[in-house]
Amino acid sequence: MFEDQEIISTIEMVKNENLDVRAVTLGINLFDCISHDLTVFKKNIRKKIIGHAATLVETCDQVGEKYGIKVVNKRISISPIALVGACFSSEQMVEIAHELNDIAKAVNIDFIGGFSALVEKGIANGDQALIDAIPKALATTQRICASVNVATTKAGINMDAVLAMSRTIKKAAALTADEDGLACAKLCVFSNIPEDMPFMAGAYLGVGQADAVINVGVSGPGVIKRAIERNLSQQHLSLGRIAEIIKRTACKVTRVGELIGREVADILNIRFGVVDLSLAPTPTVGDSVGEIFQALGLTHIGVPGSTAALAMLNDAVKKGGAFASSHVGGLSGAFIPVSEDLNIAEAAQKGFLSIEKLEAMTCVCSVGLDMVAVPGNITEQVLAGIIADEMAIGMINAKTTATRIIPVPGKKAGDSVNFGGLLGKASIMDVPHLDLEDIFVEYGGHIPAPIHSLKN
Amino acid sequence: MNKMIISVLAKDRPGIIASVTSDLCDLGCNLENVNQMILQNQFAGFFIVQAPEGVSAETIRQELTLKEEANGLTIHVRSLEGDTQMPVEEKEIFLITTSGPDQKGLVAQLSDVISSFGANIVNLKAVFMGGSNPNENVMSYQVPVTKEIDAPALFAALKEKAKKLDLDIRIQHKNIFDVTNKI
């Protein structure tokens, strides 16, 4: 039998601290669906995805009920469409997006990720068709997520792709101007994209993965925050001790994710992949990464000390996760998505968090510039510059970074924007010099891989 | 085989287990299992022993009572002869935890629901400090759920009963407590 405190603390984690399994993502390999005939290809992918995912939602709900831990999002990631649909034109790629959107509805999942291309070293025909298709595909569907990897530590940064993605983002925003550029909230530009990440919008199934795999993403900012507050209310602790508390708590949270993920995988008779322990917030009070900063004694996320605090937090989360499971993957760290985190959005709105500080913090967080709304009149060059800067951080530091940025048509810094649901709402951030048309990004070509990529 | 279970109740103090086990040794009994708990300063101990062949439970009780006469122990002895081993059933263990305002009969009403579905409570912890602070009135039942038990119906009935009693109820598989508490 468990001690009273063990029972109560577990119940508290679920009841008051918002512990949940953020995402169970079923990865499905579509390489055996390839056909040069679009009709056949669509038929093949429908059959394969529905074949694996027909009972995904029901199974996740049952397992969640059994353990009293809600599985919030059930999602699917697929092989990059730019690869499995390489022979199709951009118009046909849009048709594929519609087919995937219908399949997502049929199996009742909220997002399907993998409308993706990997172009860090060059853009092939299929990649170009997909990139061209992204604006229309995202604007005319609800459940498709797209990602394009434009840089790696090994390959360097494909600046042609960076500029292409800047233009793509602007087009996607324009096509969804009446929804504040919502299409851009479903599009990520990556450096060093992981192949096994369960979180949208970047999730896809890498080419080195199994035919079908269950990856799990756990989120626990509320649990971490409460653990810090509880311990600090009882005694003075040094930051080393606080890091230890975060690590231990992250370990517990990871174990919950793996338990549930493995059971879902067993029931579906699908291989279990990884648990991605990420502190991924929701726009809910008490489920915020930003609130952790306040628990650590900072006025707001973004003030001096924030980068150090985030570095400590991210590292402790990784250490806790690594001890909890031998199958940790994906991003595993702290997300700092602006609109999706009520506290971070508030810090940005009050001026504590600027886009420059946010970029600095992405050097030590697990993702990058995430869900950042910027003025709609930002030039393609400045947007490409922001993306290139973020990619450079990922490339040089051998880590994943991403940019999910939304130039909101017709709106300016300080205006508010509401994307709804988990995507949240925020004020549009001020971007210095947003009307510059510097030609640096227009040179194109490749920023070579750094010297430390020559490991072999 | 001459297996017996001996229960001992007393006001808690140092030396009860030492004294009882020493007595049992003197009586030729071999200890197989011991479990004890203290509730609000009251000691309860359970000893399963192999007694010498031909010695009855009543004999053990009388001799043990005689030896512990001065110590204020309440002793009960029962033979386990004929008690067959429980069949191994496929089961999943759930923890049913309730919290809420204290009132009379909470355990009786919840456990009645559990037993009405043929489910067995293998461990129960209940702490009632009174008042309406839910954290001060917590019950936790550990219940194995076999294939024969209609688990959804049991859980629904428990939730309904808890609602009537103004209790917050959580029904969770034991494994979730294992992974969050046991490394």
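Analysis parameters
Residues numbered from 1 in each chain as written. Chains lettered and ligands numbered in written order. Predicted model: local features only at pLDDT ≥ 70, side-chain atom pairs only at ≥ 80, totals over all residues. Heavy atoms only, no water. Helix = DSSP H or I, 4+ residues; strand = E, 2+ residues; numbered from the N terminus. Rg over C-alpha atoms; globule rule 2.2 N^0.38 Å. Buried < 20%, exposed > 50% of the residue type's maximum accessible area, 1.4 Å probe, protein only. Contact = heavy atoms within 4.5 Å. Areas by Shrake-Rupley, 256 points an atom, 1.4 Å probe, with all protein chains shown as cover. Domains from an automatic or database assignment. Axes fitted to C-alpha atoms, helices over the stretch in contact; angles between N-to-C directions. Parallel < 35°, antiparallel > 145°, perpendicular 65-115°, else oblique. Left-handed = near helix turned anticlockwise from the far one by under 90°. Nonpolar A, V, L, I, M, F, W, Y, C, P; charged D, E, K, R; others polar. Salt bridge = Lys/Arg side-chain N within 4 Å of Asp/Glu carboxyl O. Pairing = 2+ DSSP bridges. Patch = residues over 30% accessible without salt bridge, like charges linked within 9 Å, V, L, I, M, F, W, Y side chains within 5 Å. Buried area = accessible area lost by both parts, 1.4 Å probe. Polar contact = N/O pair within 3.5 Å; in protein donor to acceptor, adjacent residues only side chain to side chain.

Side note on the overall build of chain A
Okay, so step 1: Each helix and strand counted, chain A has 14 helices and 13 strands in total.
Okay, so step 2: Since a compact globule built from 456 residues should have a radius of gyration of about 23 Å, the 21 Å found for chain A is in line with a globular shape.
Okay, so step 3: If one aligns the C-alpha atoms of chain A with their principal axes, the spans along those axes are about 60 × 50 × 50 Å.
Okay, so step 4: When the 456 residues of chain A are sorted by exposure, 62% land in the buried category.
Okay, so step 5: At a minimum sequence separation of 6, the contacts of chain A that also span at least 24 residues come to 79%.
Okay, so step 6: Carbon together with sulfur atoms contributes 51% to the accessible area of chain A, which is approximately 16,500 Å² in total.

A short note on the domain arrangement of chain B
Okay, so step 1: Here chain B is described as being made up of domain 1 (3-79) and domain 2 (91-181).
Okay, so step 2: The distance between the C-alpha centroids of domain 1 of chain B and domain 2 of chain B comes to 32 Å.

Observations concerning the environment of Gln349 of chain A
Okay, so step 1: One can find Gln349 of chain A in helix 12 (residues 342-349).
Okay, so step 2: A C-alpha to C-alpha distance of 9.0 Å links Gln349 of chain A and Ser416 of chain A, two positions 67 residues apart in sequence.

Thoughts on the packing of helix 9 (residues 239-268) of chain A against helix 11 (residues 306-324) of chain A
All names here are of chain A.
Okay, so step 1: In the contact formed by helix 9 and helix 11, the axes pass within 7 Å of each other and the chain directions differ by 45°. As judged from the angle between their axes, helix 9 and helix 11 are oblique. Relative to helix 11, the crossing made by helix 9 is right-handed. In this structure, helix 9 uses Leu239, Ile242, Ala243, Ile246, Lys247, Ala250, Cys251, Thr254, Arg255 and Glu258 to contact helix 11, whose residues at the interface are Met312, Leu313, Ala316, Val317, Lys319, Gly320, Gly321, Phe323 and Ala324.
Okay, so step 2: In terms of residue class, the contact of helix 9 with helix 11 is built from twelve nonpolar, three polar and four charged.

Points about the pattern of salt bridges
Residues and elements named next belong to chain A.
Okay, so step 1: Across all of its chains, the model carries 34 salt bridges over all chains by this definition.
Okay, so step 2: Between Lys48 and Asp32 there is a salt bridge, with the nearest N and O atoms lying 3.0 Å from each other. With Lys48 in helix 2 (residues 38-53) and Asp32 in the loop between strand 1 (20-28) and helix 2, this residue pair connects regions lying 16 residues apart in the sequence.
Okay, so step 3: A relative accessible area of 12% places Lys48 in the buried class.
Okay, so step 4: Among the ionic contacts, a cluster of salt bridges with common partners joins Lys225, Arg226, Glu229 and Glu291.

Comments concerning the sheet that holds strand 6 (residues 123-128) of chain B
Residue and element names in this part refer to chain B.
Okay, so step 1: Pairing is antiparallel in the open sheet, where four strands are placed in the order 6-7-5-8. This sheet does not close on itself; its edge strands, each paired only once, are strand 6 and strand 8 (168-173). Direction aside, the axes of adjacent strands within the sheet are offset by 15° on average.
Okay, so step 2: In this sheet, strand 8 lies alongside strand 5 (residues 91-99) in antiparallel orientation, the contact comprising six bridges. Looking at the pairing, Phe94 lines up with His173 of strand 8.
Okay, so step 3: Sheet strands touched by helix 4 (residues 151-164): strand 5, strand 7 (137-146) and strand 8. Its angle to strand 8, the strand with the most contacts, is close to 160°.

Some thoughts on the sheet that holds strand 2 (residues 30-39) of chain B
Residue and element names in this part refer to chain B.
Okay, so step 1: Strand order in this open sheet of four strands is 2-3-1-4, and the pairing throughout is antiparallel. The strands lining the two open edges of the sheet, one partner per strand, are strand 2 and strand 4 (74-79). Each strand of the sheet is rotated relative to its neighbour by a mean of 15°, with strand direction disregarded.
Okay, so step 2: Here six bridges tie strand 1 (residues 3-11) to strand 4, and the two strands are oriented antiparallel to one another. In the strand pairing of strand 4, Val8 is matched with Ile75.
Okay, so step 3: In the packing of helix 1 (residues 16-26) onto the sheet, contacts are made with strand 1, strand 2 and strand 3 (42-50), and the angle to strand 3 comes to roughly 25°.

Some thoughts on a nonpolar patch on the surface
Residue and element names in this part refer to chain A.
Okay, so step 1: A contiguous nonpolar patch, built from Phe31, Ile34, Leu83 and Val207 and spanning about 320 Å² of accessible area, is present on the exposed surface.
Okay, so step 2: Along the chain, the position of Ile34 falls in the loop between strand 1 and helix 2.
Okay, so step 3: Overall, the relative accessible area of 44% leaves Ile34 in the partly exposed class.

Quick notes on the interface of chain B and chain A
Okay, so step 1: In this complex, chain B contributes 28 residues to the contact, which on the side of chain A involves 25 residues.
Okay, so step 2: Summed over both partners, the interface of chain B with chain A comes to about 2,500 Å²; 62% of that surface belongs to carbon and sulfur atoms.
Okay, so step 3: One can count four salt bridges joining chain B with chain A.
Okay, so step 4: At the junction of chain B and chain A, the tally comes to twelve residue pairs in polar contact (both at pLDDT 80 or more).
Okay, so step 5: Those elements that place two or more of their residues in the side of chain B that touches chain A are strand 5, strand 6, strand 7, strand 8 and helix 5 (174-181) of chain B.
Okay, so step 6: Counting residues per element, the side of chain B that touches chain A draws most heavily on helix 5 of chain B, at eight residues.
Okay, so step 7: For the side of chain B that touches chain A, the per-class residue count stands at nine nonpolar, eleven polar and eight charged.

Quick look at unusual backbone geometry
All names here are of chain A.
Okay, so step 1: Met200 connects to Ala201 through a cis peptide bond whose omega is 15°.
Okay, so step 2: Topologically, Ala201 is positioned in the loop between strand 6 (187-191) and strand 7 (212-219).
Okay, so step 3: One non-glycine residue, His433, lies in positive phi territory at about 60°.
Okay, so step 4: Take His433: it is sitting in the loop between strand 12 (425-427) and strand 13 (446-447).
Okay, so step 5: Owing to a relative accessible area of 56%, His433 belongs among the exposed residues under this scheme.

Re the packing of helix 3 (residues 56-67) of chain A against helix 9 of chain A
All names here are of chain A.
Okay, so step 1: Close contact between helix 3 and helix 9 brings their axes to 10 Å; oriented N to C, the two are set at 135°. Between helix 3 and helix 9, the interaxial angle falls into the category oblique. Our pair here, helix 3 against helix 9, has a crossing hand that is right-handed. When helix 3 is examined against helix 9, the residues Leu56, Thr59, Cys60, Val63, Lys66 and Tyr67 are found in contact with a partner set consisting of Leu259, Ile260, Glu263, Val264, Ile267 and Leu268.
Okay, so step 2: Of the residues belonging to the contact of helix 3 with helix 9, the class tally is nine nonpolar, one polar and two charged.

Comments concerning the domain arrangement of chain A
Residues and elements named next belong to chain A.
Okay, so step 1: Per the domain assignment, the segments of chain A are domain 1 (18-191) and domain 2 (217-448).
Okay, so step 2: Each of domain 1 and domain 2 has a C-alpha centre, and the two are 21 Å apart.
Okay, so step 3: Each partner contributes residues to the interface: domain 1 has 53 residues there, and domain 2 has 59 residues.
Okay, so step 4: Along the contact surface separating domain 1 from domain 2 lie four salt bridges.
Okay, so step 5: Its salt-bridge partner being Asp180, residue Lys411 comes within 3.4 Å of it at the nearest N-O pair.
Okay, so step 6: Secondary-structure elements contributing two or more residues to the side of domain 1 that touches domain 2 are strand 1, helix 3, strand 2 (71-78), strand 4 (144-152), strand 5 (156-158), helix 7 (159-175) and strand 6.

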